[in-house]
Amino acid sequence: MYGKIKEHLQKELADIQQAGLFKQERIIVSPQQAEIQLENGQKVLNFCANNYLGLSNHPALVAAAKEALDTHGYGMSSVRFICGTTDLHKTLERKIAEFFGTEDSILYAACFDANGGIFEPLFGEEDAIISDSLNHASIIDGVRLSKAARYRYKNTDMEDLEAQLIAAKDTRFKVVVTDGVFSMDGNVAPLDKIVALCNKYDAVLMVDESHSAGVVGETGRGVTELFDVRGKADIITGTLGKAFGGAIGGFTTGKKEVIELLRQRSRPYLFSNSIPPSVVKAGIKMFDMMAETHELQDKLHANTKYFMSKMTAAGFDIKPTKSAICAVMLYDAKLSQVMAAKLLEEGIYVIGFYYPVVPKGQARIRVQLSAGHETAHLDKAINAFIKVGKELGVIK
Ligand SMILES: *Cc1c(COP(=O)(O)O)cnc(C)c1O
């Protein structure tokens, strides 16, 4: 009986191909790190991973994960509330709360699940969710699962946020939801102003720190640190899959009643498996490292500054950023693909993004810096950009 839908799917796939939107996956045969090896044997410098702190293959995290395999085994075979909670899970939840200066935390299999499972238990028909227009797909999906009224404001536009708060004034509870760092431009949510508006209009604040935690702020505590509003976001979600080791896992951290209710009612928490002890133990080790020193953040911030200043001096059009995401603007979709391909030939792995991932006419190459990059890596990338940029007439 597969015949009819098979034809339909084949056509759908052909349409994606035709539109030039078919996503190819590049196969890596080495660990994820600054220099990676591709399936064809080519070694390239990686500037497109969320490996902001260079922890994806850090020896201390690998060792911690191995240790947990010996002490706690491989899998949990259960959700948390049946028999999927170990001492390690509880410790990691405590460490996450300590890191963010919050009251309690709850782990999920991914931040996609944390965002998918937060709105429905907390906000009902009488309530309003006010969301930044560029929020992550998982927030959009999570909002869809709730019966609350939906309001949207233009990306980081505080006048529009205020207008939406006014429009929602007759609702019972209001929650303002924003990404900390927006992943395509690398711009940050102006949390100081958002906190002030939340106070003025009696709204709860939720921040998704997935791209900002570990990265932004002097000690990497995220956008709440950057804007000096630590403790003022009622709900924070985040991932262990980016700066924090890059394996898997997500979390919600914040007010204790919120976390307690999520343990009772949040569907991705209740009905999906616990993350494995090896990942949890490495997460604990990682937060211990973060508590000891912020030298990885220092290196990341220095690397970002170095790259941005050299690229700007070379004549590239770079979006201003306070994150480790550097958008090299090209505006032309085809050019972004040609340039990324030529950079790969030069041993620099970056991705060109174009519509519909970014607005029409806003094509770019996104560079992600890492504390795992050495100055020699950065220089190699900058020189490749200059060489290819000149060849393609992007710079003079
Ligand atoms: C990456 C990301 C997520 C998803 O995190 P996973 O743990 O990989 O599911 C959610 N929100 C934002 C803002 C992200 O950047």
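Because the structure is a prediction, the values reported are computed rather than measured. (Residues numbered from 1 in each chain as written. Predicted model: local features only at pLDDT ≥ 70, side-chain atom pairs only at ≥ 80, totals over all residues. Heavy atoms only, no water.)

Description of the pairing of strand β9 (residues 250-254)
- Extensive coverage of β9 is indicated by the burial of 5 of its 5 residues.
- Residues Gly250, Thr252 and Gly254 line one face of β9 and the alternating positions Phe251 and Thr253 line the opposite face, and both faces are buried.
- Sheet topology note: the strand β3 (residues 104-108)/β9 ladder contains 5 bridges and is antiparallel. Its bridge partner being in β9, Ile106 is matched across the sheet by Thr252.
- Here strand β8 (residues 235-239) runs beside β9; their pairing, made up of 5 bridges, is antiparallel. Bridge assignment links Gly238 to a residue of β9, and that residue is Phe251. (Buried < 20%, exposed > 50% of the residue type's maximum accessible area, 1.4 Å probe, protein only. Helix = DSSP H or I, 4+ residues; strand = E, 2+ residues; numbered from the N terminus. Pairing = 2+ DSSP bridges.)

Concerning the site of the ligand
- Every one of the 13 residues lining the ligand counts as a neighbour, but Cys111, Asp208, His211, Thr239 and Lys242 are closest to it.
- The contact in question runs from a nitrogen atom of the ligand to an N or O atom on the side chain of Asp208, over 2.6 Å.
- Measuring from a nitrogen atom of the ligand, one finds a side-chain N or O atom of Ser210 at 3.4 Å.
- Per-element accounting of the shell around the ligand gives the leading share, 3 residues, to helix α5 (residues 111-116).
- Broken down by class, the residue content of the shell around the ligand amounts to 3 nonpolar, 7 polar and 3 charged. (Near = heavy atom within 4 Å. Polar contact = N/O pair within 3.5 Å; in protein donor to acceptor, adjacent residues only side chain to side chain. Nonpolar A, V, L, I, M, F, W, Y, C, P; charged D, E, K, R; others polar.)

A word on the sheet that holds β8
- Within the open sheet, the 7 strands sit side by side as β3-β9-β8-β7-β6-β4-β5. Their pairing is mixed. Lying at the two open borders of the sheet, with one neighbouring strand each, are β3 and β5 (149-153). Across the sheet, the mean angle from the axis of one strand to that of its neighbour is 20°, orientation sign disregarded. (Axes fitted to C-alpha atoms, helices over the stretch in contact; angles between N-to-C directions.)

Structural notes on the packing of helix α4 (residues 87-100) against helix α13 (residues 277-292)
- Two numbers describe how α4 lies on α13: the axes approach to 9 Å, and their chain directions differ by 30°. Considering their axes alone, α4 and α13 lie roughly parallel with respect to each other. The interaxial crossing formed by α4 with α13 has left-handed handedness. Listed contacts from α13 to Leu88, His89, Thr91, Leu92, Lys95, Ile96 and Phe99 of α4 are Pro277, Val280, Lys281, Gly283, Ile284, Phe287, Asp288 and Met290.
- Across the contact of α4 with α13, the residue classes tally to 9 nonpolar, 3 polar and 3 charged. (Parallel < 35°, antiparallel > 145°, perpendicular 65-115°, else oblique. Left-handed = near helix turned anticlockwise from the far one by under 90°. Contact = heavy atoms within 4.5 Å.)

Thoughts on helix α2 (residues 59-72)
- For α2, which comprises 14 residues, the first-to-last C-alpha distance of 20 Å matches the rise-based estimate of 20 Å (1.5 Å per residue) to within 8%.
- For α2, every residue scored as buried is listed here: Leu61, Ala64, Ala65 and Ala68. The buried side chains of α2 occupy one side of the element, clustering within an arc of 100° when seen end-on. In α2, those exposed residues whose orientation departs by more than 90 degrees from the buried face are Pro59, Lys66 and Asp70.
- For α2, the secondary structure elements touched by its buried residues are α4 and α13.
- Gly73 occupies a position one or two residues after α2 and carries a positive phi of about 80°. (Expected span 1.5 Å × (residues − 1). Arc of directions from axis to C-beta.)

Topic: the side chain of Thr304
- Mapped onto the elements, Thr304 comes out in helix α14 (residues 295-313).
- Judged by its relative accessible area of 7%, Thr304 is buried.
- Setting aside anything within four residues of it in sequence, one finds Thr304 in contact with Ser323, Ala324 and Leu369.

Considerations on the packing of aromatic side chains
- One pass over the structure, following the stated rule, counts 9 aromatic pairs.
- Each ring, one from Phe47 and one from Phe307, has its centre 6.3 Å from the other, and the planes form 25°; the classification is stacked. Within this pair, whereas Phe47 is found in the loop between β2 (43-46) and α2, its partner Phe307 is found in helix α14, the two being separated by 260 residues in sequence. Taken individually, Phe47 and Phe307 each receive the classification buried, so the pair is uniform in this respect.
- Linked through ring pairs, Phe99, Phe100, Phe244, Phe251 and Phe287 together constitute an aromatic cluster.
- It is Lys360 that lies over the ring of Tyr355; its NZ or CZ is 4.2 Å from the centre. (Phe/Tyr/Trp six-rings, centres within 6.5 Å; stacked < 30°, edge-to-face > 60°. Lys NZ or Arg CZ within 6 Å of the ring centre and 35° of its normal.)

As for unusual backbone geometry
- Geometrically, the link from Tyr355 to Pro356 is a cis peptide bond, its omega value of 10° lying close to zero.
- With a phi angle near 60°, Asp202 is a residue other than glycine that sits in the positive phi range.

Considering the environment of Gln368
- Locating Gln368 in the fold gives a position in strand β13 (residues 363-368).
- For Gln368 and Phe173, which are 195 residues apart along the polypeptide, the C-alpha to C-alpha distance reads 37 Å.
- Those residues in contact with Gln368 that sit more than four places away from it in its chain are Phe47, Cys48, Ala49, Asn50, Tyr52, His211, Ala324, Ile325 and His373.
- Of note is the side chain of Gln368, whose polar atom sits 2.7 Å from the side chain of Asn50.

A few points about the side chain of Gln297
- Looking at the secondary structure, you find Gln297 in helix α14.
- Discounting residues that sit within four places of it in the chain, Gln297 has contacts with Leu53, Gly214, Glu218, Thr219, Gly220 and Met290.

Take it as geometry only, folks, not as evidence of what the structure does.
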